[in-house]
Amino acid sequence: MQREFVEAPVRGVLKWIDQRLPVITWAYNELVVYPAPRNLNYWWNFGSLAGIMLTIQIVTGIVLVMHYTPHVNMAFDSVEGYIMRDVNWGWLIRYLHANGASMFFALVYIHIFRGLYYGSYKAPRELLWMIGVVILILMMATAFMGYVLPWGNMSYWAATVITNLFSAIPLVGDTLVTWLWGGFTVDNPTLQRFFSLHYLLPFVIFALVFLHILALHQVGSNNPLGIDLSKKDKIPFHPYYTIKDLFGLGVFLLVYGYFVFYAPTAFIEPVNFEPADPLKTPPHIVPEWYFLPFYAILRAITFDIFFIPAKLGGVIAMFGAIFVLFLLPWLDTSPVRSARFRPIYKQFFWILVLDVLVLGYIGGQPPEGWYVTIGQIATAYYFLHFLVILPILGKIERPLPLPKSLDEPVLGTAGAQAAK
Amino acid sequence: MNRRLFRVLLLAVAMVLGSAATLLAAEVEEPPARDWPHEGIFGRYDKAALQRGFQVFKEVCASCHSARYLRFRDLAGIGLDQATIKALAAEFTVEDCCDENGEPFERPARPADRFPPPYPNDQAARAANGGALPPDLSLIVKARDRGEDYIYALLTGYEEPPADAEPPGEGVSWNPYFPGGWIAMPPPLMEDLVEYPDGTPATVEQMASDVTQFLAWLSEPTMEERKRTGLKYMLFVLVLTGLFYAYKRKIWSRLH
């Protein structure tokens, strides 16, 4: 399928440039004339919001680097003693960046669940979805390394726990961990390489976001009905979605601003206001909230599975929980995209949401007693959803009749049901 | 499959998963919640309390605890004027480097100097405190769960130890708000330990409240600027969002 490109309506110097390097035409087609479905709801705002959030993180991050010192003896002081106290507006930049990470994940998680609900991962958008999963993985790596940089005590112990996961890999595990650390423990070389990579990865993510948008615009946006729309059901991106996205941005900035100005430490563990101390293990080592569901899955495997020791099993389960998303376009066998027309899938979707929330809650609790059991049930259910329920459901579920276009809703009782 | 049976099953799965959220963690002595004047969107520090709290910090806490992020000049933030800060700094002696012979020398502190720590290093601090390290207080309110409430409860919560509690060493005290109960810090406050120049009676509760507010300020000295900026930001974004919404309605009305 070849996209039709319209030449940008520019004259003079801009025309001269555009004929030699068609960046203006490119931007004009992607951001102005791009035909978007006219029925997108507000759940479709979160993609562009995530893109803006990435930009805010990069800009605030670049400014923080101007004042931060990546050294074990100075990192904590440079953040808490210098940036937060002596740098003009340093507290603002730091709180924007620290809370920005939480906001970024919140936006992206909503964006992902929107994709799950409306079947945005299905043909022809499989590659678009997979690029998105790669972005999520890189975001997690970036956020983890960024969390280590202030060199608080939770930073230090999170770095120790997470890097130690790689020691579960058979044969090469311990060597690999020593190589990752650049020594025999988490220390200055570790901090400095995390700093380097934390600066690098956001730009890789930025490039992938371009591919994500390119792949999206090649096949066109999905929509709440999940049907392929004809030209007459589409409207130009500008001004319709530029203004709608701006309104959404305003609402988001109010939420973001509330945290930055009135609850800036809501997402920061108190332990991280103490400097890193290798001799003082925090009683509960917990990751940031956006990692809690995965942390719960990691800790759910408390038993050996045949020849796989429990620790390796947990690591495999945790990474598997993300990598299963790569297979989702093929695990979901239903030809119908939108949950609006899949009455049973719709209910399983909400159970999955609940399951992930339970995993998140369990991830924040100590691994004792009932918490372990509930975490194991929720973990099992997570994989059950993707590996068993979705493949079978696509075969046995009877979807509601699909409308032909936006103007021709299905008539009769089935149509009335779909409108609900 | 029977639709109703199916729904009942779904509901059962949902309830089992949801019940996790109602499980409670093990009981610990929770500090009682108190009202602090600097809490909330319009909360501001009580400058008089901060100054009294600084006095308690200087005369009581600072004999064992450091506050390495506190510079004398920062005390402008609790309402001290430049002359007072200068005079205050001059009460302390700091080591500087170096004189014309390359030797370190001692001089009176200046406003740009940091508040001198009570011990030269952690080992010396431990040696003087029965092996326990008095934590630095620069970030203490942010570094503890429940922040101000915890600090206040700890300072005022010393009790006789329960009959069955075995002290882990000599010179420890019982405080139910401290993890484990036994704390190396002896009860730091007693009635009239300091004399407030403004005539406020120096009860234990009063001193604990004042010094807690001072420590809250020390943990987050930019809070007032943050909340003032936040108010302007929120109003601006609120108006902007309203305009965007109106404009969005106008543009989209072309489609209907």
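Residues numbered from 1 in each chain as written. Chains lettered and ligands numbered in written order. Predicted model: local features only at pLDDT ≥ 70, side-chain atom pairs only at ≥ 80, totals over all residues. Heavy atoms only, no water.

Caption draft 1: Inspection of the domain arrangement of chain B at higher detail. All names here are of chain B. Taken domain by domain, chain B comprises domain 1 (31-70 + 130-221), domain 2 (71-114) and domain 3 (225-256). Of note, the centres of domain 1 and domain 3, computed from C-alpha atoms alone, are 43 Å apart. With 8 residues of domain 1 at the interface, the matching set in domain 3 holds 4 residues. Here domain 1 packs against domain 3, burying approximately 400 Å² in sum over the two surfaces, 44% of which is carbon and sulfur. Considering only the side of domain 1, the residues that lose the most area to domain 3 are F42, R44 and E220, jointly responsible for 68% of the buried surface there. Our enumeration of links across domain 1 and domain 3 arrives at 1 salt bridge. One salt bridge in this structure joins R226 and E220, with 3.0 Å as the shortest N-O distance. Counting across the interface, domain 1 meets domain 3 through 3 residue pairs in polar contact (both at pLDDT 80 or more). Per-class residue counts for the side of domain 1 that touches domain 3 are 2 nonpolar, 3 polar and 3 charged. (Domains from an automatic or database assignment. Contact = heavy atoms within 4.5 Å. Buried area = accessible area lost by both parts, 1.4 Å probe. Salt bridge = Lys/Arg side-chain N within 4 Å of Asp/Glu carboxyl O. Polar contact = N/O pair within 3.5 Å; in protein donor to acceptor, adjacent residues only side chain to side chain. Nonpolar A, V, L, I, M, F, W, Y, C, P; charged D, E, K, R; others polar.)

Caption draft 2: Summary view of the domain arrangement of chain A. Residues and elements named next belong to chain A. We note that the domain assignment places domain 1 (33-223 + 234-281) and domain 2 (286-398) within chain A. The C-alpha centroid of domain 2 is placed 22 Å from the C-alpha centroid of domain 1. On the domain 2 side, the residues contacting the 37 residues of domain 1 number 33 residues. Buried area between domain 1 and domain 2, summed over both chains or domains, comes out near 3300 Å², and the portion from carbon and sulfur atoms is 72%. The largest contributions to the domain 1 side of the interface with domain 2 come from Y117, K122 and L165, which together make up 21% of the buried area. Across the domain 1-domain 2 interface, the total number found is 1 salt bridge. With a closest N to O distance of 3.1 Å, K122 and D332 form a salt bridge.

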